[in-house]
Amino acid sequence: MTKRIIPLLALAMSFTTAGAQSIAGLPGNLKLSGYGMVQYQASDKKHAEENAFNLRLVRVSLEARPHQDFYGKAQMQISGNTFDPDKKKTDIRLVDLFGEWQKYEFFRVKAGQFKRPFTFENPMHPITQGFMSYSQNVTKLAGFSDRTGEQGSNGRDIGLQIQGDFLKVGGRNLLHYQVGVFNGEGINQKDKDNRKDFIGGLWVMPIDGLRVGAFGWKGNRVGVVGDKNRYALSAEYANYDWTFRTEYIHSQGYGSDVAKGTKADGVYALCIAPVIKKKLHVKARYDLYRDQKTWASSKTFYEVGADYLFTKNLQLNLEYARVNERTGHHNYNLVDVELDFRF
């Protein structure tokens, strides 16, 4: 695998500069870019102590604009966590491949493989999301290492989506909508049962930087009894280099372990505050997930941390978490250090 990764990275480095410029020798409507996330993590969880370096993610993407009204993207993951149950597998795989017709701001059409339109956090870039991982409720209920047991899909699926922004006041749109139909199988998978997942969201943006929204998801999963019904309630304020965000997700439907019942939920709330604007931030997050919607099945992270931006393309992150895991009656500490870069 290393023999395949090195040429890809070399190609990316040779064709790009910081900020993802156009590819040398190719048309200006093509752009190659990528990012890497190098991680060190240590945990003192009883009988599962950890002290390891890790390549969390390495991705390379190619964007195209062959027409002023059309945008396309292909993205490969060439390292990182693939959510393999045994945590022994790292692979090279396609994560995004889509095209979007963007002629009208109020009506855009996207087709292919891309992020599911569920929650504010799921579509966010892993670096700008702000913490050492996506929140537990997004990870378990938006298609990462999903409760249903579907293959790890980084929140993505194959389908068709329409979306748009409208009701503009003072140069800012007040409403956004998005709705899509998907296979329900995750990435790189053809539909296995000819039934589809329907996902949609609507949010309002009453003032600059603030959005408040709701999402719904109705679907199914091959091999799982019953349908999958989920909703999310979300709010975010991001302005003046401050970020506040919270989301609650509720899930109704059996997971991969029928004995755990049909209900699960989770909530997170976070704050990222500037110490030096665009340079140094401190942050905190409360992150709760209940796999059976009971307190006895809860797992909670109490996180604090900081990040420092050497440049807009190079960032160092440090986090500490106190973890309360009631299913195993564990309380333990976790430290995460990451160096993130873009090219």
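What counts and how
Residues numbered from 1 in each chain as written. Predicted model: local features only at pLDDT ≥ 70, side-chain atom pairs only at ≥ 80, totals over all residues. Heavy atoms only, no water. Helix = DSSP H or I, 4+ residues; strand = E, 2+ residues; numbered from the N terminus. Buried < 20%, exposed > 50% of the residue type's maximum accessible area, 1.4 Å probe, protein only. Areas by Shrake-Rupley, 256 points an atom, 1.4 Å probe, with all protein chains shown as cover. Phe/Tyr/Trp six-rings, centres within 6.5 Å; stacked < 30°, edge-to-face > 60°. Salt bridge = Lys/Arg side-chain N within 4 Å of Asp/Glu carboxyl O. Contact = heavy atoms within 4.5 Å. Polar contact = N/O pair within 3.5 Å; in protein donor to acceptor, adjacent residues only side chain to side chain. Core = buried A, V, L, I, M, F, W, Y, C linked by side-chain atoms within 4.5 Å. Pairing = 2+ DSSP bridges. pLDDT = per-residue confidence, 0-100.

Chemist: Even after reading the chapter, I still don't get the overall build of the protein, so can you show me in this structure?
Modeler: What the protein contains, in helices and strands, is two helices and 16 strands. By the burial criterion, 48% of the 343 residues in the protein qualify as buried. Summed over its atoms, the accessible surface of the protein is roughly 16500 Å², and 61% of this surface lies on carbon and sulfur atoms.

Chemist: What exactly am I supposed to notice about the packing of aromatic side chains here?
Modeler: When we look at a pair of aromatic rings, we describe it by the centre distance and by the angle of the planes. For the coordinates displayed, the defined rule picks out 19 aromatic pairs. Summarising the aromatic geometry, the rings of Phe 118 and Trp 217 are spaced 5.2 Å apart at their centres and angled 75° between planes, so their arrangement reads as edge-to-face. Residue Phe 118 is located in the loop between strand 5 (107-115) and helix 2 (136-141), and its partner Trp 217 is located in strand 9 (residues 210-219); the two are separated by 99 residues in the primary sequence. The pair Phe 118 / Trp 217 is uniform in exposure class, with both members buried.

Chemist: Could you clarify how one ought to interpret the pattern of salt bridges in this entry?
Modeler: As a working rule, side chains carrying opposite charge can pair if their charged atoms are close by. The final tally for this structure, using the stated rule, is 24 salt bridges. Among the salt bridges present, the one from Glu 236 reaches Arg 211, with a minimum N-O distance of 2.9 Å. You can see Glu 236 sitting in strand 10 (residues 228-239) and its partner Arg 211 sitting in strand 9, a full 25 residues away along the chain. Glu 236 gets classed as buried once you look at its relative accessible area, which sits at 8%. For Arg 211, a relative accessible area of 19% corresponds to the buried category. For the salt bridge of Lys 218 with Asp 227, the shortest nitrogen-to-oxygen distance reads 4.0 Å. Through salt bridges with shared partners, a single ionic network connects Glu 121, Arg 211, Glu 236 and Arg 245.

Chemist: Before we go on, may I ask you to explain the side chain of Gln 41 in this structure?
Modeler: Take Gln 41: it is sitting in strand 1 (residues 30-43). With residues near it in sequence (within four places) discarded, Gln 41 still touches Glu 50, Asn 51, Ala 52, Met 132, Leu 334, Val 335 and Asp 336.

Chemist: Would you mind going over unusual backbone geometry with me for this structure?
Modeler: Leaving glycine aside, a negative phi is the common case for residues, and trans is the common case for peptide bonds. Even without glycine at this site, His 47 takes up a positive phi of about 65°. Locating His 47 in the fold gives a position in the loop between strand 1 and strand 2 (50-67). His 47 sits in the exposed class, given a relative accessible area of 71%.

Chemist: What exactly am I supposed to notice about the environment of Lys 196 here?
Modeler: For Lys 196, the location among the structural elements is in the loop between strand 7 (172-182) and strand 8 (197-204). When the C-alpha positions of Lys 196 and Val 181 are compared, they lie 6.4 Å apart, and in sequence the two are 15 residues distant. Setting aside anything within four residues of it in sequence, one finds Lys 196 in contact with Val 181, Phe 182, Asn 183, Asp 191, Lys 218, Gly 219 and Asn 220. A distance of 2.7 Å separates the side chain of Lys 196 from the side chain of Asp 191, its partner in a polar contact.

Chemist: I would appreciate a short explanation of the nonpolar core in the present structure.
Modeler: Grouped together as the largest cluster of nonpolar side chains are 24 residues, with contacts concentrated most on Phe 118, Val 138, Phe 215 and Ile 249. No other element matches the four residues that strand 12 (residues 263-276) contributes to this core.

Chemist: I tried to follow the environment of Asn 51 on my own but got confused; where do I start?
Modeler: Tracing the backbone shows Asn 51 in strand 2. Note: C-alpha distance between Asn 51 and Gln 41 (ten residues apart in sequence) is 5.9 Å. Sequence-distant contacts of Asn 51, that is, excluding residues within four places in its chain, are made with Tyr 40, Gln 41 and Ala 42. In terms of polar contacts, Asn 51 uses its side chain to reach the side chain of Tyr 40, at 2.6 Å.

Chemist: Help me understand the pairing of strand 12, please; the structure alone is not making it clear to me.
Modeler: Every regular strand shows the same layout, with side chains that alternate between the two sheet faces. Here strand 11 (residues 242-252) pairs with strand 12 via ten bridges, running antiparallel. Counterpart to Gln 252 in the pairing with strand 12 is Lys 263. Counting the residues that bridge the hairpin from strand 12 to strand 13 (residues 280-290) gives three residues, and of these Lys 278 lies at a positive phi of roughly 65°.

Chemist: What exactly am I supposed to notice about the pairing of strand 2 here?
Modeler: Examined bridge by bridge, strand 1 and strand 2 share 14 bridges and lie antiparallel to one another. Among the inter-strand pairings, Gly 36 is bridged to a residue of strand 2, identified as Val 58. Between strand 1 and strand 2, which pair antiparallel in sequence order, lie six residues; one of them, His 47, sits at a positive phi of approximately 65°.

Chemist: I keep staring at the confidence of the model for the protein and nothing clicks. Help me out?
Modeler: As a note on interpretation, predicted positions should not be read in detail where pLDDT is low. Here the protein shows a mean pLDDT of 88. Residues at 70 or above account for 87%. Low pLDDT (under 50) marks residues 82-87, which in the prediction has twelve contacts with non-local residues, meaning those over four places away or in another chain.

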